[in-house]
Amino acid sequence: MATHRFFVPPPQIADGEVCLYGTDVWHITKVLRLSMGQEIIVFDGRGREYRVRLASTKRQEIRGKVLEEWRNEADSPLKLTLAQGMPKGDKLDLIVQKATEIGVFDVVPLATERSFWASVGKEVPPSKAYQRLERLSRIGIEAAKQSRRTSVPLIRPIVTVPEFLAAPPEADLKLLIWEAEQQTRLKDALRAMTREIRSAIVVVGPEGGL
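Since the structure is predicted, the reported quantities are computational estimates derived from the model, not experimental observations. (Residues numbered from 1 in each chain as written. Predicted model: local features only at pLDDT ≥ 70, side-chain atom pairs only at ≥ 80, totals over all residues. Heavy atoms only, no water.)

Colleague: Just to check I follow, could you spell out unusual backbone geometry for this structure?
Modeller: Phi at Arg 33 is positive, roughly 55°, even though this residue is not glycine. Its location among the elements puts Arg 33 in the loop between helix H1 (23-31) and strand E4 (39-43). The phi angle at Arg 148 is positive, at roughly 65°, despite the residue not being glycine. You can see Arg 148 is positioned in the loop between helix H4 (126-146) and strand E9 (154-155). (Helix = DSSP H or I, 4+ residues; strand = E, 2+ residues; numbered from the N terminus.)

Colleague: Looking at this model, I keep getting lost on the sheet that holds strand E1 (residues 5-7). Mind explaining?
Modeller: The pairing of strands in a sheet happens through backbone hydrogen bonds and is either parallel or antiparallel. If you trace the 6 strands from one edge of the open sheet to the other, you get E1-E4-E5-E6-E3-E2, paired in mixed fashion. Looking along the sheet, the strands with just one partner apiece sit at the ends: E1 and strand E2 (13-14). Sheet analysis places E1 next to E4, joined by 3 bridges and oriented parallel. By the bridge assignment for E4, Phe 7 is matched with Phe 43. (Pairing = 2+ DSSP bridges.)

Dropping the structure here:
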């Protein structure tokens, strides 16, 4: 039974065939040393999984034949958005990894007053911001593979707090985790909800709080 899992975007799955490119090719051929004819599991990030037999390979491409397809309902039904104040260094890497593992649907990196990335347009070149988001997306994909999720979290563009508040995502529940709160506990806020919670936004600050 195939045990190795790979994320493949839906456009690369068509007519009973799967195409894998780039680092996946290197991982399959050089790290796992799988041969043509062996099987892998592919998930498309939208809840569907596929059992695939490796069929042919080129230098930067592997094609496989879909043997079986099914829908996996393992992901949480709660659409949870994490709006995370960007911390120092590479700490956001770990946050995205763990958020993916617990089922977060998407992540919004917040450039707050106490974030190093406070003014992305001035202090950080757009190219570097793009590279950062690409890295976070790759971390989310790898974490989804390891935790056996069938969806991949969406990493949103970096926004400032005013930009986020001007057009926040719609949600049944919106929570701000504030370090100075002394009265309302998270448990109390959840118990106060009188309707079913299908979606939620949690806002968390960086080091030093919001």
